[in-house]
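Listed below are the residues making up each chain.
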Amino acid sequence: MGLLAAGIGAGIVALGAGLGIGMIGKAATESIARQPEASGDIRGAMILTAAFIEGVALLGAVICILLALGIGQ
Amino acid sequence: MVQTLRRVFLTLLFLSISTSNTFASEQDEAQVLDVMGTVADHDYFKVPGFINGGKIYLPRIFYWESAEGESKLSAYLSTKSVLESGEFVETEEGALVPANGGHIIVDLSITSHLIYFWMGMLLALVLTVMAAGRYKRGIGRTVEPQGAFQNIFEVLFVFIRDDVARDNIDHHKADRYVPFLFTMFMGISFMNLFGLLPWAATATADLTVTATLAFVTFVITQFSGTKDYWAHIFWFPGVPTWVRVILTPVEILGMFTKPFALAIRLFANMLSGKIMIIAILGLVFIFADLFGAGAAYGVGIFSVSLTVVLYALKAFVALLQAYIFTLLSAVFIGMAAEDHAHSEEGYYTEHSAEEVSAN
């Protein structure tokens, strides 16, 4: 059961993180295309926001690893 | 040209020594590859070569309470000498417990991750002191920086100072935090990059290490907090009182989740890189088991080339994660140390517009 839960959980985590980072990438490339001279600032903001999303996603991934290894049972 | 060839030759020699060492140690150990064991902390320090089978055992230090209730501090040279002394016995899970009852209060043992933590920080210190010596002699101040080392150092330092510290922390306060941020960046970079060596351990793939680093950021953030920062946590300005009842617990929780996320992010990124490489190389053995040697050769070509790409990606991620850790530390410190020039109502109105135009 733990393995099943970890698998489903990892899938949902990947879904959410992919969606979030994809939206950041879309917004960032669009704004760089509109205003190429601000690309440095936009890139910094993009990495920062992506890092926040990644943090939440990895929190989920760590919990999935713990579930899969059966730690805490 | 000759020098380049010599370097390539030395690198190959170095690699062949380290790989033959891995072979030797794996043959006398268990046949099953322990995935978590390769990323876990150990009581020994692996070295290339054949000294003690490539392992140097590290001292164990315990602060423990005996069955009679007296607390003692005991130090041993290695896990072996702990067991030989007879004061501790090993349980089935491999943990050490006092032989005559009682329990270990704190395990202060020096482990491989701690050694790599020290090495990373020491390397950062040595390089910084070396560069500082050159600036003290006037190279880089009166004349241009000379040599590859000083130029790379200056690029990194100016990057941390301008793009990380001054961009995110108030201008007149930013320079105070540059030493801390630069130490974090260099130290974490080296700790991450040590993980790329075949025999070394990644100290940052250990939650205790990243939690310690994040704790330092947490302490510095709280101590650099202005009156405004604490006001925003306990008595959020410009909202009705009943909203504050909800906001205050959320803000207090936010104080702790920020460094927590910082620790988890670095830990999980470094751990996942290692596990990914092990998993992809493990495909070779899985295919050899399922379909025989032919399939394993086929998958081997694919796996090894993918591992090379992943290895390069890991080197990039090592630097990127050090940058992100430093950047987020700077952002959190900047949020706490910020002097708000706004009144209670005009948070997003005239004042912020003025600030934007002033900048």
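Residues numbered from 1 in each chain as written. Chains lettered and ligands numbered in written order. Predicted model: local features only at pLDDT ≥ 70, side-chain atom pairs only at ≥ 80, totals over all residues.

1. Notes on the overall build of chain B
So, step 1. Along the backbone of chain B there are 11 helices and 7 strands.
So, step 2. Counting all 359 residues of chain B, 24% fall into the buried class.
So, step 3. Taking the intrachain contacts of chain B between residues at least 6 apart in sequence as the baseline, contacts between residues at least 24 apart amount to 64%. (Helix = DSSP H or I, 4+ residues; strand = E, 2+ residues; numbered from the N terminus. Buried ≥ 20, exposed ≤ 12 C-beta atoms within 10 Å, placed from the backbone. Contact = placed C-beta atoms within 7 Å.)

2. Side note on the overall build of chain A
So, step 1. Summing up its helical and strand segments, chain A has 2 helices and 0 strands in all.
So, step 2. Relative to its length of 73 residues, chain A is extended, with a C-alpha radius of gyration of 16 Å against a globular reference of 11 Å.
So, step 3. Taken along its principal axes, the extent of the C-alpha atoms in chain A is 55 × 15 × 10 Å.
So, step 4. A separation of at least 24 residues holds for 79% of the contacts in chain A among residues at least 6 apart in sequence. (Rg over C-alpha atoms; globule rule 2.2 N^0.38 Å.)

3. Overview of the confidence of the model for chain B
Residue and element names in this part refer to chain B.
So, step 1. For chain B, the average pLDDT comes to 80, and 83% of its residues sit at 70 or higher.
So, step 2. Across chain B, helix H7 (residues 207-223) holds the top mean pLDDT of 92, while helix H11 (residues 350-358) sits lowest at 45.
So, step 3. Note that pLDDT drops below 50 for residues 15-30; the model gives that stretch 13 contacts with residues more than four away or on any other chain.
So, step 4. Every residue in residues 343-359 is under pLDDT 50, and counting partners more than four places away or in other chains gives 10 contacts. (pLDDT = per-residue confidence, 0-100.)

4. Concerning the domain arrangement of chain B
So, step 1. Each domain of chain B was delimited in the assignment, giving domain 1 (59-109) and domain 2 (114-342).
So, step 2. Each of domain 1 of chain B and domain 2 of chain B has a C-alpha centre, and the two are 35 Å apart. (Domains from an automatic or database assignment.)

5. Looking at the sheet that holds strand S7 (residues 103-107) of chain B
Pairing between sheet strands relies on hydrogen bonds along the backbone, with the strands arranged either parallel or antiparallel.
Residues and elements named next belong to chain B.
So, step 1. What the 3 strands build is an open sheet, ordered S4-S3-S7; its pairing is antiparallel. Among the strands making up the open sheet, the edge pair consists of strand S4 (71-76) and S7. Along the sheet, successive strands turn relative to each other by an average axial angle of 30°, direction set aside.
So, step 2. Where strand S3 (residues 60-65) and S4 come together, 6 bridges link them in antiparallel fashion. Paired with Phe-62 across the strands is Ser-74, a residue of S4. (Pairing = 2+ DSSP bridges. Axes fitted to C-alpha atoms, helices over the stretch in contact; angles between N-to-C directions.)

6. Section: the nonpolar core
So, step 1. The biggest cluster of nonpolar side chains holds 52 residues, and the ones touching the most others in it are B:Ala165, B:Leu181, B:Phe185, B:Phe267, B:Phe325 and B:Ala330.
So, step 2. For this core, the secondary structure elements donating two or more residues are helix H2 (39-69) of chain A together with helix H4 (112-136), helix H5 (147-168), helix H6 (171-194), H7, helix H9 (241-291) and helix H10 (293-337) of chain B.
So, step 3. Ignoring sequence-local partners within four residues, the contact set of B:Ala330 consists of B:Val164, B:Ala165, B:Asn168, B:Ile169, B:Tyr177 and B:Leu181. (Core = buried A, V, L, I, M, F, W, Y, C linked by C-beta atoms within 7 Å.)

7. Focus on the interface of chain A and chain B
So, step 1. Listed as interface residues are 9 residues of chain A and, on the opposing side, 9 residues of chain B.
So, step 2. Of the residues in the side of chain A that touches chain B, the class split is 7 nonpolar, 1 polar and 1 charged. (Nonpolar A, V, L, I, M, F, W, Y, C, P; charged D, E, K, R; others polar.)

8. What to know about the UniProt feature "transmembrane region" (unreviewed entry) in chain A
So, step 1. Mapped onto the present numbering, the UniProt feature "transmembrane region" (unreviewed entry) falls on residues 6-24 and 45-71 of chain A.
So, step 2. Between the first and last C-alpha atoms of residues 6-24 of chain A the distance is 27 Å; the span itself is 100% helix and 0% strand. (UniProt positions renumbered as here; feature names shortened; annotations may be inferred.)

9. Let's talk about the packing of H5(B) against H10(B)
Residues and elements named next belong to chain B.
So, step 1. Running from amino to carboxyl end, H5 crosses H10 at an angle of 30°, the nearest separation of the two axes being 8 Å. As summarised for this structure, H5 and H10 are arranged roughly parallel, according to the angle between their axes. With respect to the hand of their crossing, H5 and H10 are arranged in right-handed fashion. Across the interface between the two elements, Ile-160, Val-164, Ala-165 and Asn-168 from H5 touch Thr-326, Leu-327, Ala-330, Val-331 and Gly-334 from H10.
So, step 2. Across the contact of H5 with H10, the residue classes break down as 6 nonpolar, 3 polar and no charged. (Parallel < 35°, antiparallel > 145°, perpendicular 65-115°, else oblique. Left-handed = near helix turned anticlockwise from the far one by under 90°.)

10. Side note on the environment of B:Val284
Residue and element names in this part refer to chain B.
So, step 1. Locating Val-284 in the fold gives a position in helix H9.
So, step 2. Val-284 sits 18 residues away from Phe-302 along the chain, and the two C-alpha atoms are 9.2 Å apart.
So, step 3. Those residues in contact with Val-284 that sit more than four places away from it in its chain are Ala-296, Val-299, Gly-300 and Ser-303.

11. Examining the packing of helix H8 (residues 227-234) of chain B against H9(B)
Residues and elements named next belong to chain B.
So, step 1. Direction vectors running N to C along H8 and H9 enclose 125°, while the axes themselves pass 7 Å from each other. Viewed along their axes, H8 and H9 adopt a mutual orientation that is oblique. Contacts between H8 and H9 involve His-232, Ile-233 and Phe-234 from the first element and Thr-248, Glu-251, Ile-252 and Met-255 from the second.
So, step 2. Tallied by class, the residues present in the contact of H8 with H9 amount to 4 nonpolar, 2 polar and 1 charged.

12. Brief notes about H9(B)
So, step 1. Largest kink in H9(B): about 30°, centred on B:Leu247, with the proline B:Pro249 one to four residues after it.
So, step 2. Backbone geometry just after H9(B) places B:Gly292 at a positive phi near 95°. (Bend = angle between axes of the 7 residues up to and from the residue.)

13. Observations regarding the UniProt feature "domain: V-ATPase proteolipid subunit C-like" (unreviewed entry) in chain A
So, step 1. When the UniProt feature table is mapped onto this chain, "domain: V-ATPase proteolipid subunit C-like" (unreviewed entry) is found at residues 4-67 of chain A.
So, step 2. The distance from the first to the last C-alpha atom of residues 4-67 of chain A is 9 Å, and the span holds 94% helix and 0% strand.

14. Remarks on the environment of B:Ala288
Residue and element names in this part refer to chain B.
So, step 1. Following the sequence through the fold, Ala-288 ends up in helix H9.
So, step 2. Measuring from C-alpha to C-alpha, the distance between Ala-288 and Gly-300 comes to 9.7 Å, with 12 residues separating the pair along the chain.
So, step 3. Residues in contact with Ala-288, not counting those within four places in the same chain, are Ala-293 and Ala-296.

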